[in-house]
Amino acid sequence: CVTVSAPDKPIVINLNINIKQEVVYRLDGKAKAVIDENAEIF
Amino acid sequence: MSDADTEAEAIPPARKVRAWQRTAWPLKIALYGIALLGLVGLIAWTQREDIARNLIGAELERQGVPATYEIESIGVGRQVVRNLVLGDPRRPDATIERLTVDIGGGLFGLTVDSAVVEGLRAFGRWENERLSFGSLDRFLYTDSTEPFSLSRLDLTLRDARVKIDSPYGALGIKADGSGNLRGGFKGTLAAVGKQLAYRGCTLDQPSLYGTVSISGQRPAFQGPLRFDALACQAGGLTIARSAVAVRASANVALDRVSGSLGPQAGAIRAAGFAASNLRGKIDFAATAQQIDADVDLALAKSAASGIGFADMAAKGIAVLRLGGASPGWSFEGRAEGSALTVDRARLAGLDDAVAASANLPVGPLVARMAQAARRALPGSDLALDLQARGGGESLALTIPRLSLTGARGDRLVGGNSLTLRQDGDALQVAGNISTGGEGLPRAQLRITPRGQGAYALRVSMEQYSAGGASLALPELSALWNGRGLATFGGRALLSGPIPGGSVRALALPLQGRWSEASGLALYDGCQTLRFDRLQLANLTADRQAITICPLRGQPMVRQGARGMQLAARLGGATRLQARLGSSPMQLAVGAMAVDFPGSAMLSDVDLLIGNLESGTHIKAADLSVDLRGALGGRYAEAEATIGAVPLLLTRGSGSWSFVDSVLGVSGDEWLLRDRQVPARFQPLVSTDMQLTLADGRIAVTGTLDEPQTARDVLRVAIAHDLSSVTGHADLFVDRLTFDDDLQPEMVSNIVLGIIANTRGTLAGRGRIDWSANGVTSSTGRFRTDSLDFAAAFGPVRGLSGDIVFSDLLGMQTGPGQVVRLAEVNPGFAVSNGTIRYRLLPDFRMQVEGGEWPFAGGRLLLDPGVIDLVSEQPRTLVFRVDRVDAAQFLAGFDFENINATGHFAGVIPIVFDKDGGHVRGGRLEVIEDGGTLAYVGELTYEDLGTMANFAFNALRSLRYKYLIVEMDGDLAGEVVTRIRFDGLSQGEGASRNFLTRQVERLPLQFNVTISAPFLQLITSARSLYDTQYVTDPALLGLLPGQVNNPGAVLPGATPPDKPGIQPPESEDRP
Amino acid sequence: QRDPAYEAARENGSIGEKPDGYLGIVGGGDGQLQRMVSDINLKRKQVYTDRASAEGSTVEQFAFTAGCNTISRTKPGEKYQAPDGSWKTRDSSPPVRDARCP
């Protein structure tokens, strides 16, 4: 029968979660609006 | 008959008669009386022949004199005639009741030995300067040039009366007497008049009684001359009832009379002069040409215009020259006045002088002089030697010595070689006068004439002091040009009170001129005023000098019809050292022009009280002084620093006043700057500044506004004591509102770049105390209920709290200041925070602690020091306390992981100008762990079959250990590594054999999430803020939405793994 | 209607636009210039923060996007920072920008 032997070192599960943030295009319009509305600081 | 001729010629020729016109009256009457006797003698002479014939009648016929008479008896020795009427019978020139003539023969013919005239009545008339008896004149006036001599006739007169009419009045003469005309005749004479008038003078009831005697052919008369009154228009002279004892005797030739007069005159009045009586003796010797008199007269209670003497005596020799080459008179002798009397009006004059000079430096001097004069003058004695000469239009007085001696014997006035000459109206005076006496100034005056009425005067006065004031006139010389102009020069040394203070040893130059037309003008050129000490209120200046110059080329001081005018300017930039109370004071004036009455303009005025650091320093570019009403004026471009007050007041303009030694300054416009550089606050403007300086104390109040918005920033009340150089300033910020118009950097440049977009209101008050060595303490308490602003670590909303400054100027506070932050957003919004802090010197903030509610637990800010100003990054360590795992992980906004349990740890955040960065954040589970369930599809690498298998079975695990490590930008990407340890099957998981094995497996579950921290927090918000649901599409989480494959956000570690495996599970709503 | 000092600083090239959406000081510059740049950056950050939370993006992302635009809008003679960190003077040609700019 198959014995599952406890491995001598802990089982490491690495989980990388990377949330992509490709928002630049989405925000471009909003950025232009902001620059126009606050001309005195841009 | 030769005797008759010689007798007739003896009468003085006409020429001589005219010379008598000016002889004094009493003398004239006496001489005419004698001449009359001569007439009678002549009549008697006619009985020369022994023929018993009417000699009288024959002679009368011979002389052609109409006469009627009755012969009583014609004898050889004696002829008696009765009722003799001479002249026109209707108006006889003379009548004789009974004439008895005794004739004696002598060797040479008949001579009349004696005659008795009884009841003579003669009527004379004075006309064209001659006494005429009508028809008898032929007897009287013959043009003989022989000297007159009396005949040897024994004459007896009984009841002889002569009436003389003249344009000046009528005179009745009565004579009796007998005796030989050449010697031995004695008789009485009485002359009486009603009123005699001559050249504007009238003599009332004049009478002359006396005895006439002739001895040695020299007639003499003695007796009183009286009159009731004498009045002359000229000089308004009146003399009351008087009597003059006359004693006169003539020489043989009757051309020289001498004798004495003893006047006893009654009250004498003249214009401005009065005397109660005149007494004395005049011994005189008179000839036709000249009268010499030895005068010894005394006037009692005489006074002229208020000044007089009880007794005024004059003794001396008087000579009166009549006719001849130089008619005139002279007197040489001594005059003495004793017991001077000064009437009340004159004394009152002294009081007026005292009042007028009351608060001038010479005030006390005039007062003392007046008092001493009032004591010394009355009763003083005057004595002077006098030589006077007059004649025609000229008069010359010479007084070799004069002295006025006070009642107690001290000499008040001395004069020597005084001369006065008057030719026509040209007057010339010379001589030396000196004054003195106890309590009176000692002065010398020298007058020297310079011809044509011009004079040179030199005055010098020794120092005369009284009551702290003193005046000395070392020398003063004046020139009077005789045509109305006096110029003078010299100097005075003056001490004494001035309004509000006093001056000591003021060297005052005296230079100028005076003329009737243009009044007084002083100082044509620049003058330097020097003084030892000037004291005004509590200001004293020692040994200073000021140079003053004329303005517009006019004399500096003019006193004319329009009153006193002063137009002067400072010689140049002037600097005065003085002391105000105990502190040193320095006043510098660039230029000054005074135009009194009117105003004075000063420029570049620089007043420093105390030293530069802690003293009070006031400067003004322009300062005007209004000299009309109360002392005051305006100022412009003024600057002031007061003690150690950290305020520099500049560009001030407004008005000032100095009343009752209180200096009031009101500011229309002042700009206030921070004295410290770099300035802690921007210039503020005040339009209601009030400053008062009194008794060495300065008080300032005013509202300070921000210049552009003119909005009140704070009210200030300053009190400063000049002498102790201590004071305090109270600052009141009633309501300071920041909005679109007013931003903090407009008030203080320090906050520019530290905070921006500020909204809200703060209020509070502060106090600064200082002493001679600087600010000793400055405290303040300020409060805001809600303040929003943007700061480097992110925008802050709703800051509120009190701040109590222990050192307001150093911006330092005590410990335990608390501020509440409704919300701060360093990249993710955290709300309801409170920070306990303390402000340290140099704008550093000591954080004592801070607390925010966070993911179910608390985020605690560890103590640390932040430099608010510098650009260096600042590390703040946040401590996580009992954060709820579920809420924390939910923040990652993927619903695939659910966990329970609490953990704590540390999140150090480094803030720099770009924001906050997490560096080495580390959280660990507390208590006994919690549960974990992963519901989502996961990409995983070759986990190994066991791991894969186990993992898939992990629907619900329990974990004992949880470690979360975080790094990244709060405002950007944060990489979070989560490691779960001690996993075991959680509830709800399908349990089977396999999973039980797993439970015993040492399983480590590491999750590395690189996600915007923002979600971490905002999603936490989604837990309780349902509408705030982030749209996954927005997050770009949805597959296929990758518009720029491989794009990697800057700053995030490029994931080495491909994106999330597209989840097989369907989308969650 | 820019503040004159800010306008002048842009024209004389003492400050320039950075890719991260904020202003940077090209070289040196006194305290006052630094304070002015900080003040403007604070105000930009506030705008970015407000817009980012509304857009659900990070402040950094919004700022980056704005940076792309501010650099493209620089006028010839003004300064901007290239992705490699070097300061360039804008001329008539298009500026060197981050690859991710749209």
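Just so it is clear, the structure is predicted and the values come from calculations on it, not from any experiment. (Residues numbered from 1 in each chain as written. Chains lettered and ligands numbered in written order. Predicted model: local features only at pLDDT ≥ 70, side-chain atom pairs only at ≥ 80, totals over all residues. Heavy atoms only, no water.)

Residue and element names in this part refer to chain C. Applying the stated rule across the entire model yields eight aromatic pairs over all chains. When the ring of Tyr22 is compared with that of Tyr48, the centres are 5.3 Å apart and the planes differ by 75°; the resulting orientation is edge-to-face. With a gap of 26 residues between them, Tyr22 in the loop between strand 1 (15-17) and strand 2 (23-25) and Tyr48 in helix 2 (residues 31-55) connect regions that are remote in the sequence. Overall, Tyr22 belongs to the buried group, its relative accessible area being 8%. (Phe/Tyr/Trp six-rings, centres within 6.5 Å; stacked < 30°, edge-to-face > 60°. Helix = DSSP H or I, 4+ residues; strand = E, 2+ residues; numbered from the N terminus. Buried < 20%, exposed > 50% of the residue type's maximum accessible area, 1.4 Å probe, protein only.)

Residue and element names in this part refer to chain C. Interhelical geometry of helix 2 versus helix 3 (residues 59-72) gives an angle of 120° and a closest axis separation of 8 Å. Note on packing geometry: the crossing formed by helix 2 with helix 3 is right-handed. Between helix 2, through Arg44, Tyr48, Thr49, Arg51, Ala52 and Glu55, and helix 3, the contact on the second element is made entirely by Val59, Phe62, Ala63, Ala66 and Thr70. (Axes fitted to C-alpha atoms, helices over the stretch in contact; angles between N-to-C directions. Left-handed = near helix turned anticlockwise from the far one by under 90°. Contact = heavy atoms within 4.5 Å.)

Frequently, the measure chosen for interface size is the accessible area that the parts lose on association. With 21 residues of chain C in contact, the opposing surface of chain B contributes 33 residues. Surface buried jointly by chain C and chain B totals about 2,200 Å² across both partners, of which 53% is contributed by carbon and sulfur atoms. Broken down residue by residue, the surface that chain C buries against chain B is led by Leu42(C), Gln46(C) and Arg100(C), which jointly contribute 27%. Inspection of the chain C/chain B interface yields zero salt bridges. At the boundary of chain C and chain B, one finds two residue pairs in polar contact (both at pLDDT 80 or more). (Buried area = accessible area lost by both parts, 1.4 Å probe. Salt bridge = Lys/Arg side-chain N within 4 Å of Asp/Glu carboxyl O. Polar contact = N/O pair within 3.5 Å; in protein donor to acceptor, adjacent residues only side chain to side chain.)

All names here are of chain B. Core analysis: the biggest nonpolar cluster contains 123 residues, and Trp852, Phe878 and Ile907 have the highest contact counts within it. Ignoring any residue separated from it by four or fewer positions in sequence, one finds Trp852 in contact with Leu821, Val824, Val830, Ser831, Asn832, Gly833, Ile835, Gly857, Arg858, Leu859, Leu861 and Phe878. Residues Leu203, Val257, Leu347 and Ala372 belong to the second largest nonpolar core, which totals 90 residues. (Core = buried A, V, L, I, M, F, W, Y, C linked by side-chain atoms within 4.5 Å.)

This part is about the state of the cysteines. Residue and element names in this part refer to chain B. Taken as a whole and judged by the stated rule, the model has three disulfides over all chains. With a sulfur-sulfur separation of 1.8 Å, Cys201 is cross-linked through a disulfide to Cys232. Measuring the twist about the S-S bond at about 120°, one finds the Cys201-Cys232 disulfide to be right-handed. Of this pair, Cys201 sits in strand 10 (residues 201-204) while Cys232 is found in strand 13 (residues 229-232), placing the two residues 31 residues apart along the sequence. With its sulfur 1.8 Å from that of its partner, Cys526 forms a disulfide with Cys549. Taking the sign of the S-S torsion, 115° for the link of Cys526 and Cys549, the bridge is right-handed. Placement of Cys526 in the loop between strand 32 (519-522) and strand 33 (527-536) and of Cys549 in strand 34 (residues 539-550) is noted, with a sequence separation of 23 residues between them. Residue Cys526 is classed as partly exposed on the basis of its relative accessible area of 44%. Since its relative accessible area comes to 3%, Cys549 is described here as buried. (Disulfide = S-S within 2.5 Å.)

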